[in-house]
Structures are given as C-alpha cells and as structure tokens.
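# Coordinate analysis (summary)
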Amino acid sequence: MINLESNEPDGPIETQWERTRFKNTLVNPANKRKFNVLVVGTGLAGSSAAASLAELGYNVQSFCLQDSPRRAHSIAAQGGINAAKNYANDGDSVYRLFYDTVKGGDYRSRESNVYRLAQVSTNIIDQAAAQGIPFAREYGGTLTTRSFGGAQVSRTFYARGQTGQQLLLGAYSALMRQVHQGNVKLHTRREMMDLVVVDGKARGIVVRNLVTGAYERYWGDAVLLCTGGYGRVFYLSTNAINCNATAAWRAHKKGAAFANPCYTQIHPTCIPQAGEHQSKLTLMSESLRNDGRVWVPQKAGDTRAANDIPESERDYYLERRYPAFGNLVPRDVASRAAKQACDEGKGVNVTGRAVYLDFADAVKRMGRDGVAEKYGNLFDMYERITGDNPYRTPMKIYPASHYTMGGLWVDYNLMTTIPGLFALGEANFSDHGANRLGASALMQGLADGYFVIPYTLGDYLGKHGNDLKSVDVNDAEFGEAEEQVSGRIDKLLSNKGNKSPLDFHRELGNLMYDKCGMARNEKGLKEAIEEIPKIRDEFWKSVSVPGRKDTLNQNLAEANRVADFLELAEMLARDALNREESCGAHLREEYLTEDGEARRRDDEFSYSAAWEWKGEGEAHELHKEPLTFKYVKQTTRSYK
C-alpha cells in the first residue's frame, strides 16, 4: 500500500521554499563524499543534477543512453525557456508565472510545486547566462524575450530556434567539468533495465550495456530518474526514436506510483505526416506562432494553393475564436482547434490533415531579414524536409504527440513513493497539471536539477543516510533484479515469430492516437482497453527479434521498450476512462460546454490520480491526492 504524502510546507506560499531550505537537514561537506548517487539520464534535468551534486561533493555516477550526453532529447527543444524576470517591463512577476502555469494546466497541478518553479525560474537565466548560453539580446546587449502560448507577457528567453541545444551544452559543460575532476563517473550507451530496492528503499539499478549486451549492477544511496516522458507510446511523435519509458515503468513495477498517465500533450505546430514510412515527426517551434498566423480556407474542400486564396476567403480561426490570445492560445486549445477545422473538411495538404501557418504579414512588417534573424534555422529546417519555402508560401502544420505531463508521482521534495528514488523533469508529474505551457519544459528540467534536488536530496541523506545499511552489488536483491532482466531478454530473443517490434509499436501507436489522442470518448477508450491486451499477447507470441544479446542489437532494444509501452498504454487508457471530465490535454467528448470548450468537473476530479502496480495480470489500484487551490481560484479556463 503506497502513501501519498505530498510533504507540502505550511504557511504562506511565497516563503514555503525559503523556509523549507532552512529547515532541511544538512550534510556536512566531508560527509557528502561518503554518499553515492546514481543519476539516470543526461538531459537538462540529469546533467544539471549530476553536475550540481558533484560540485557539492557527492560521488555521482551518471548513466547515458546515447554515446554522449549532448545527444539527450533536450537538445531538440527549440523555442525558449520561461522565467519571471520581467525584463520587458510588461507586468510579469513570479506570481503571474505561477498563475499562468496553474491556469494553463487547467487547475490540475499542486500549487506549492508550481510556485517554487516560478520562483527559481529567475535563477536559471542567471546560471545559463553565466555559462555562456547565447541568449538573444537587444542592440544594447540586454537579454530579450518573446511571447509564448498561454501568456500575455513576454517572458520567454531564447537562442533563436536552438534554445534546448544551447542550454544542454551549458549543462553538459558543467557535467563534463565534474567528470574531468573525477567527481562524476559517466557511463555511456547504458540503458536502465530495473530498479533495485533493498529494505523498501531504492539502492541501485541494473543496466544493459547497449554495445556489448552485458548486464551491469550499480549500488547507490539514492537513485535519480531523469529519463524523460512516454510520448512514444503513440509511436509517431516529436520525440527522438530512442526516447522510452522503460526506466520509469520498471520503477513503477517496483512500487513507485504513476500519476496522471492520461495527461499527454499534442503539440499544435508539427510538420504533418508525409506517409506510412515515417517513424517520427518533426516539431516546429511554438515560437513561430508569435509572428505566424494560423488559418484554413473558409470553404470546405478548397484545393487551391494557399497564395491563390484571397484574404476574404480565409478563416483565421484562432484569432476569431480567441481574440484575447489569438494565435498564442495554449497548446491544447490550438491543437483541438486545428483538429476541429480539419474535421469540418477545411484541412489542407493531400491528406486534409494540416492547417496553414502564414508569415506573409511578418515578412511585410519586419522584412525577410528580420524574420530570418528570429526564425531562420527553423525555416531552413522546414524547407529541407518539405521542399517548400516558408518565406514565400505558408507552412503546413498539424498536431502531434509531444510531451507527457503525467509521470512518476513525487512529493514536494521530488521523491517518489519509494524512499530514496527521486524523479526529475519530464519523468515526474509535478508541475504542469493537465497541460504544459510552451517554454516550461526547459524551465522545469533545469529548476529540478540545479536548484531543487541539491536541497531535497541533501535533506533525505541527512535524515536517513546513517540508517542506510551497507549494500553490495553481489547482494541477493541485485541478483534477483538481473535475473528478471536476463529472463525477459532471453524470452524476446527466443521467440520464433514473424513480426518486427516496429510493427507492434506502429499498431499500438495508431490505436492510441485514434482512441486516446486529441479527443477521447467512453466507447473508444473501452475499445482500446479491450484491444491493448490482445496486441500485447500477440507481441509475446509473434515478435521476431533477430541477432544476439551480446552485441549491439537495436531490434532487441526496441522490442524491450515496446513491451513496456504495451503495459503502460493500458494504464493510460484506464486513467483516461476513469477521468470523466475534460481538462487541459485530456478532452472527453462527453464533457464539453455549449460552445465546444473543455468542461472540468471540479467537484469530483480535483485530484491527482496515482496508480499503484499490483502485479502481473492484476488491475492497478487508484490512489487520489486531493488538490486544493488557496491562491489561484478555480474558474472556467477561457482565452477569449
């Protein structure tokens, strides 16, 4: 039985984090060297956490799925990072960022965590600028900002369309400095396969060397999961091919509650699918909606080229429906509006599943060079992929799976329901509620790694470090975990089926997108819950994994991840079926207002849903963390 104790501080929200840091138990600098911390993942959350903890004196081991931390998926983030600096002098503040984030998440997040995120956001910009991150600047040298969806102020700092890449290079440099000094041992091309729990506490991991196939055991006094989200459960997504849910899912099966799995974000600004051959989709930054105007033909079935359709026959539907925010409505609102336009037959492209993002007015206003200065690399990328020049013809965009707000349940200290196991960044559920505002993923990842976990991990080790019994990788718990991993790998390789892991992943993804994507309903969700176990059973009967386990085998790695997605997907669908309301990215077609907007049911669903694994073949058990809103009043979420 898990215990959902949020450990939120009491007292005024404005001073909660300051008082928490003061009350936290400290670890003597000399004693920090006695503790071994395992950090899984090297994106923004993982690299910043490993670097910060090593700088403090802890012994850190860092595990990287790729051949270099620089290839973590954080590098793909484009548009920017939010911070309440108010450099634009347009009315921003820590409280306004807090308010926008709670409202943007449709009132399904924990207020205390969100307020802390807004508070430390200002530190992130100072940290990154000191590292040399080339943020865009005004002519006089001061940092400049731009707007993003869900906000009416300019608070997003950016480095053209490469913000994630530049921020990751900064965190990477901090990490590699500690590697060079011997404070961090970096293990590349390792995939976490299981969590080792000793006396109810997280004490180690079992990983697989992706090059040699060897299993390796590592012990620690605490384990940090910084492994990203589960968006590739939909198969086609903006996530990198290697993004997966295995580490988080294996931790879940060892006792870590999984919260709000149905909160999956569909990003409105992606290059549409070109054909069945694709295995991923390409994101076009939300920042483009600052100057690009979204529209479709007014008349259904209009097949004329975009530039042949006169202004009077265009429907700028976001500007029409949401005049206060226009093209900068939050992602969930923009995605559903695009789907609705296409469902009405107004979609463009050969598939009818696209809308236009037009920069003609921006080019007239700023000139081609002005547009290129802000978005040039994004325009170049779009032209290389599609063959169309967005300076001359509108981009075609359509929503695609992007980010997951759900994840491992964590308390205020970022600790899961397993003592000693922490989850950071997209791997946890804590900050975004039912919908993430654009430019807030980078903010959360760096906030967790640089400015939260150094304090909260220290408190855990300060209080419990002396009580942690000595463990060794030869202990029975490590052997049992490796045996489970080895048995699973052997089973995959011994199958004599005739279908590839990719076939099953695509089948699952199509089902999830159709039944549990941008819009959900009871009938479709029940069909998904019925079909997913059938696909899973067929997978274990018919999957074919060629090659050996003692060498680089990408088919084997994919099969192992797909097996986990096939289990996670059923929990996701059950969570969506259980939540009989529409909120944020979770739209139930049965729960809409008269004008087609999402209708929450605060009387019954103001809680975070935390699911407990009960064993193979057993139904998950639902636990509820009640959500209270003392500072941001729950109102109908409107951007009109």
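Residues numbered from 1 in each chain as written. Predicted model: local features only at pLDDT ≥ 70, side-chain atom pairs only at ≥ 80, totals over all residues. Heavy atoms only, no water.

Here the focus is the domain arrangement of the protein. By domain assignment, the protein separates into domain 1 (266–401) and domain 2 (489–604). On a C-alpha basis, the centroid separation for the pair domain 1 and domain 2 is 28 Å. Each partner contributes residues to the interface: domain 1 has 10 residues there, and domain 2 has nine residues. Approximately 890 Å² of surface area, both sides summed, lies buried where domain 1 meets domain 2, with 57% of it carried by carbon and sulfur atoms. Ranking the residues of domain 1 by area buried against domain 2 places I266, R336 and K339 at the top, with a combined share of 51%. Between domain 1 and domain 2 we count one salt bridge in total. Close ionic contact of R321 with E597 constitutes a salt bridge, the shortest N to O distance being 3.5 Å. Summed over the shared surface of domain 1 and domain 2, the result is two residue pairs in polar contact (both at pLDDT 80 or more). Elements with a contribution of two residues or more to the side of domain 1 that touches domain 2: α9 (331–343) and β15 (395–404). Per-element tally for the side of domain 1 that touches domain 2: the top contributor is α9, with four residues. Across the side of domain 1 that touches domain 2, the residue classes break down as four nonpolar, one polar and five charged. (Domains from an automatic or database assignment. Contact = heavy atoms within 4.5 Å. Buried area = accessible area lost by both parts, 1.4 Å probe. Salt bridge = Lys/Arg side-chain N within 4 Å of Asp/Glu carboxyl O. Polar contact = N/O pair within 3.5 Å; in protein donor to acceptor, adjacent residues only side chain to side chain. Helix = DSSP H or I, 4+ residues; strand = E, 2+ residues; numbered from the N terminus. Nonpolar A, V, L, I, M, F, W, Y, C, P; charged D, E, K, R; others polar.)

With that settled, the discussion passes to empty space enclosed by the protein. For the structure shown, the criterion picks out six cavities of 30 Å³ or more. The computed volume of the largest cavity comes to approximately 50 Å³. In terms of lining residues, the largest cavity is bounded by T264, I266, D332, S335, R336, M518 and A585. Within the residue set of the lining of the largest cavity, elements represented by two or more residues are β11 (264–270) and α9. Per-element tally for the lining of the largest cavity: the top contributor is α9, with three residues. Of the residues in the lining of the largest cavity, the class split is three nonpolar, two polar and two charged. (1 Å grid on protein atoms, 1.4 Å probe; cavity = no way out; pocket = protein on both sides within 12 Å on 5 of 7 lines; lining within 4 Å. Points joined across faces, edges and corners; volume = space filled by probe spheres on them.)

A few words on the packing of helix α5 (residues 111–131) against helix α11 (residues 441–464). Relative to each other, α5 and α11 sit at 85 degrees, their axes nearing to 9 Å. One way to sum up the angle between α5 and α11 is to call them roughly perpendicular. Residues R116, L117, V120, S121, N123, I124, Q127 and Q131 of α5 pack against M443, Q444, L446, A447, Y450, F451 and V452 of α11. Class assignment of the residues belonging to the contact of α5 with α11 gives a composition of nine nonpolar, five polar and one charged. (Axes fitted to C-alpha atoms, helices over the stretch in contact; angles between N-to-C directions. Parallel < 35°, antiparallel > 145°, perpendicular 65-115°, else oblique.)

It is worth spelling out the packing of helix α3 (residues 44–56) against α11 at this point. One can describe the packing of α3 onto α11 by two numbers: an axis separation of 8 Å at closest approach and a directional angle of 30 degrees. Relative to α11, the element α3 lies roughly parallel. Judged by the sense of rotation from one axis to the other, the crossing of α3 with α11 is right-handed. Between α3 and α11, the residues in contact are L44, A45, S48, A49, S52, L53 and L56 and L442, G445, L446, G449, Y450, I453, P454 and L457, respectively. Looking at the contact of α3 with α11 residue by residue, the classes come out as 11 nonpolar, four polar and no charged. (Left-handed = near helix turned anticlockwise from the far one by under 90°.)

Here we take up the layout of surface pockets. In this structure, the second largest pocket encloses a volume near 700 Å³. Lining the second largest pocket are 35 residues; nearest its centre among them are Q273, R353, Y398, Y513 and D514. Of all elements in the fold, only α9, β15, α13 (501–516) and α14 (522–542) reach the threshold of two or more residues within the lining of the second largest pocket. The element best represented in the lining of the second largest pocket is α13, accounting for six residues. Considering only residue class, the lining of the second largest pocket consists of 14 nonpolar, 10 polar and 11 charged. Residue-level mapping places the lining of the second largest pocket at the junction of two domains, with at least three residues from each of domain 1 (266–401) and domain 2 (489–604).

Moving on: the nonpolar core. If you look at the biggest cluster of nonpolar residues, it comprises 147 residues, and the most contacted ones within it are I81, I205, L224 and F422. In terms of residue count, the dominant contributor to this core is helix α15 (residues 554–578) (13 residues). Here I81 is in contact with I124, I125, F135, R155, T156, F157, T163, L167, A439, L442, M443 and L446, once residues within four sequence places are set aside. (Core = buried A, V, L, I, M, F, W, Y, C linked by side-chain atoms within 4.5 Å. Buried < 20%, exposed > 50% of the residue type's maximum accessible area, 1.4 Å probe, protein only.)

With that settled, consider the pattern of salt bridges. What the rule picks out here adds up to 58 salt bridges. Here E625 makes a salt bridge to R110, at a shortest N to O gap of 2.9 Å. Pair noted here: E625 is in strand β19 (residues 621–626) and R110 is in the loop between α4 (94–104) and α5, with a separation of 515 residues, a long-range link. Classification of E625 by relative accessible area gives buried; the value is 4%. Since its relative accessible area comes to 4%, R110 is described here as buried. Ionic pairing is found between D361 and R293, a salt bridge with its closest N-O pair at 2.6 Å. Here R293 lies in strand β12 (residues 293–297) and D361 lies in helix α10 (residues 360–386), a separation of 68 residues in the sequence. By relative accessible area, D361 is classed as partly exposed at 32%.

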